[in-house]
Amino acid sequence: MKLSIVLTVALAAISALGAATASAPLAITVHTDRQGPEINPAMWGIFFEDINFGADGGLYAELVKNGSFDFPNPLMGWTGLPGNSPTGSISAREGDSFSPSKPHYTRLISTSDTGFGVSNEGFSGMGLHEGETYDLSLRARAVEAGDNKLIAALVSASGQVLASAEMEIRGSQWEQRTGVLLAKATEAKASLRLTFSGKGTVDLATVSLFPRHTWKDRPGGLRADMAQMLADLKPGFMRFPGGCIVEGSQLDRRYQWKNTVGPRDERKLLINRWNYEFKHRPAPDYFQSFGLGFFEFFQLCEDIGAEALPILNCGMACQFNSGELVPMDQLEPFIQDALDLIEFANGAPETVWGSRRAALGHPSPFGLKMMGVGNEQWGPQYIERYAAFAKALKARYPAIKLVSAAGPSPADDRFNFLWPKLREERADIVDEHCYANPIWFLASTHRYDQYDRSGPKVFMGEYAAQSVFVVSPSNRNTLECALAEAAFMTGLERNADVVRMASYAPLFAHAERWQWTPDLIWVDNLRVCGTPSYYAQQLFCRNRGKAVLPVEVSGAQIEPQPAGRIGLGTFQTSAEFKDVKVTRGGGELLRSDFSASSEGWSPSAGNWSVKDGALLQTDSLAAAFTFAGNQSWSDYSLALKARKLAGKEGFLIVVRDAGSGTRVQWNLGGWGNQAHGIQLLLGGQEQVLERVPGSIDSGRFYDIKLELHGAKLDCYLDGKLIQSAQIPPPRVERLYASAVRGEAPGETIIKVVNPWPEAASATLTCDGQMPPTSGTAVVLAGSALSDENTLDAPTKVMPINESLDQVKGSFRYSFRPYSLTVLRLTRQSLNRASR
Ligand code: AHR
């Protein structure tokens, strides 16, 4: 399954083109004298969330897991030593600690002269680099007199001691102890061993181990290599701290920024929303220590030249979880948190929250310009809460732009409900989200061409192409995904007056500890790896330009054939189907009477079986589908009988299935058995084309017929035409292009994506008065759509600089197969495309 959706759908589309279109001469014309809208300097940014161990166990460089013994299982991450026959005991304790805000500690009792100790496993081990220094700190007190010497050691997975240090623990009062450990070898899976050398009893608290070399060498700081990857992108903004963790699965688990600033020992641990989500990749040891808190986020933004975009909880818990709501009359503290955050970021050092920032070492303001209200919320409850936030925030800080949510999908009912409401609210920027198969991105490059230019602006705040559209290890960060995203980004750029910001999501993932794929940057305990998508983002960030230049591409249009397989399905319902027949003209394409088997049918989910001449689907929880026929089928009629057995809805009858979540379905008894609707799915993203009230009864057979005439679909129930729709063809192109005016006078930057297996030779024309005379190209390409970078081979897909010959007002350029090319053309020969 490494060969992708694009191969499935788009190559089928190309072959259906007919030679005329496929061989039409390709031409790209950039109107260099006709300047379009200015591009937001913060157009291309990053989305940070503590998902996939992005912060704790990731960017936040702390190597000890649960060093404060605050986890609900206080000894999680810790084991007594030696393993099988410990000569002492370890116990979790609470109260009588060094500070009421860190009540937990552990007691070690050593009962033998040979000593006793504990080991911390880190986050899937601790990454150590040979020759680097690691700073250990802990609090300790001697409870009973004894030898009282603590030996700290960094130990490899094979048991070799790679560094050690000794600490005396004398007094019966809590004391801070530190040790310096110099690693004599590189090791990805080290552990920290603390051995108490003789008999006695000691208490330990707040055990911490940091590499001395962190980002900007700040003590207790960020992993330098991971932060460097962010700096190297040159992002225009950074959104933080999420994502769903902003909302929390329930309200008392929401992200509260005030709990994340100030002394680390006062930052209260919180369960991470991704601790148990998704359920098939649970992470019971996933908590937020907030060592990377709001001050550090602002500082990082400043370091890497990115505008800060904090997102705050708006009184709603994650609607995929509890959806808990704060009553409107109790929303005030949430709004106050938002007001206080602006003061924390921008207030003078004399103000309450400005003084907190100053005390943390940053007297000058951070210059916050925008803030998000809620993450991915939807429904009328969101609009109410957004309005209350906006009223208070705009009254006090009219210049701060507010980002509002448009739900989790770019085109569903939730989205369609929210946009007009947000328009009424005169929202500043609406945050759209989309995770879909590459075909959705290729087909959506003109999405914003029709958007209202005078309404709210768009922040494409979370997007990523997913090769299989589920969270699974086979969902890889391929070149195919990167090219589909890049094609989509040309559309964002061409519409930079409407789309003011965009960010890929999620940002980081730990190779052994992820919850969500794909992701922009993969890491393990020692290494980092930029995906092809990372390099595509980097090319856009580094070649942003100042203003849009109109660009025309001719000869690129592909008209995919309105064709595909048939399918049967149910949503949270069990049902049976029989007498399935597909006909075209006078001929029969398929007949299934299910007298003996379901031969020819390929289920993708659900529990399908054959009984008494019918095909049964008995899983009443799943979205269940089975498909049959041929992807080249068009202009056919599908007839069948269907009976609902039990469950919430009715039937899903599929035509034009092209695989990978691209199909048309008649949803009978959908929306909780309240409506019938024709839905178009493109790369897993669904649009409702037509909907009428209707329901499906259990226990009786219905006669169902779907007729396809070219792009038109007619749907009949019991012989009666219920609804029809014209199915819009996905717009797929041979080349995708955008152009901008560069920073330097007379500089034109053109971005072109060729996602296909053949090189595309095009005539490139800059039709302005002053044609370019020289230029450079930077090309991100590969030899197969399935190409990807890995931690072992991180540079397989990398941008490569190329020089350009014979640049003039009009010249030919051959865009490599499977490529994103950035051409930087100038009248002098000074500038080079930025990698
Ligand atoms: O990016 C991963 C998740 O996707 C985010 O937490 C959430 O906002 C969206 O559903």
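A short tour of the structure in this document, coming up. (Residues numbered from 1 in each chain as written. Predicted model: local features only at pLDDT ≥ 70, side-chain atom pairs only at ≥ 80, totals over all residues. Heavy atoms only, no water.)

## Examining the pairing of strand β8 (residues 133–144)
Reasoning step 1: Burial of β8 is extensive: 9 of the 12 residues sit out of reach of the surface.
Reasoning step 2: Both β8 and strand β11 (residues 175–182) contribute to a ladder of 8 bridges, which runs antiparallel. The residue of β11 that forms the bridge with Tyr134 is Leu181. (Buried < 20%, exposed > 50% of the residue type's maximum accessible area, 1.4 Å probe, protein only. Helix = DSSP H or I, 4+ residues; strand = E, 2+ residues; numbered from the N terminus. Pairing = 2+ DSSP bridges.)

## So, the sheet that holds strand β4 (residues 88–99)
Reasoning step 1: Taking strand neighbours across the sheet as the criterion, the 5 strands line up as β4-β5-β13-β8-β11 in an open arrangement whose pairing is antiparallel. Every other strand in the sheet has two partners, leaving β4 and β11 as the edge strands with one partner each. On average, adjacent strands in this sheet sit at an angle of 35° to one another, irrespective of strand direction.
Reasoning step 2: Inspection of the sheet shows strand β5 (residues 102–110) paired to strand β13 (residues 200–211) by 5 bridges, in the antiparallel sense. Bridge pairing links Thr106 to Leu204 in β13. (Axes fitted to C-alpha atoms, helices over the stretch in contact; angles between N-to-C directions.)

## Considering the pattern of salt bridges
Reasoning step 1: On inspection of all chains with the given rule, the structure shows 46 salt bridges.
Reasoning step 2: Close ionic contact of Arg423 with Asp452 constitutes a salt bridge, the shortest N to O distance being 3.9 Å. Pair noted here: Arg423 is in helix α9 (residues 413–424) and Asp452 is in the loop between α10 (438–443) and β21 (457–465), with a separation of 29 residues, a long-range link.
Reasoning step 3: You can call Asp452 partly exposed: its relative accessible area is 34%. (Salt bridge = Lys/Arg side-chain N within 4 Å of Asp/Glu carboxyl O.)

## Comments concerning the packing of helix α6 (residues 332–346) against helix α7 (residues 352–359)
Reasoning step 1: Two numbers describe how α6 lies on α7: the axes approach to 7 Å, and their chain directions differ by 45°. Taken together, the axis directions place α6 and α7 in an arrangement best described as oblique. Considering the relative orientation of α6 and α7, their crossing is right-handed. Within the contact between the two elements, α6 uses Asp340, Glu343, Phe344, Ala345 and Asn346 and α7 uses Val352, Trp353, Gly354, Arg356 and Arg357. (Parallel < 35°, antiparallel > 145°, perpendicular 65-115°, else oblique. Left-handed = near helix turned anticlockwise from the far one by under 90°. Contact = heavy atoms within 4.5 Å.)

## Here we look at the site of the ligand
Reasoning step 1: Surveying the vicinity of the ligand reveals the residues Phe47, Glu49, Gly243, Cys244, Trp274, Asn375, Glu376, Tyr435, Glu462, Ala505, Pro506 and Trp516.
Reasoning step 2: At 2.9 Å from an oxygen atom of the ligand is found a side-chain nitrogen or oxygen belonging to Asn375.
Reasoning step 3: Taking Glu376, its side chain carries an N or O atom lying 2.8 Å from an oxygen atom of the ligand.
Reasoning step 4: Alone, the ligand offers 280 Å² of accessible surface; in the complex the protein occludes 97% of this.
Reasoning step 5: For the shell around the ligand, the class distribution of residues is 7 nonpolar, 2 polar and 3 charged. (Near = heavy atom within 4 Å. Polar contact = N/O pair within 3.5 Å; in protein donor to acceptor, adjacent residues only side chain to side chain. Areas by Shrake-Rupley, 256 points an atom, 1.4 Å probe, with all protein chains shown as cover. Nonpolar A, V, L, I, M, F, W, Y, C, P; charged D, E, K, R; others polar.)

By themselves, these are just geometric observations and shouldn't be taken as functional.
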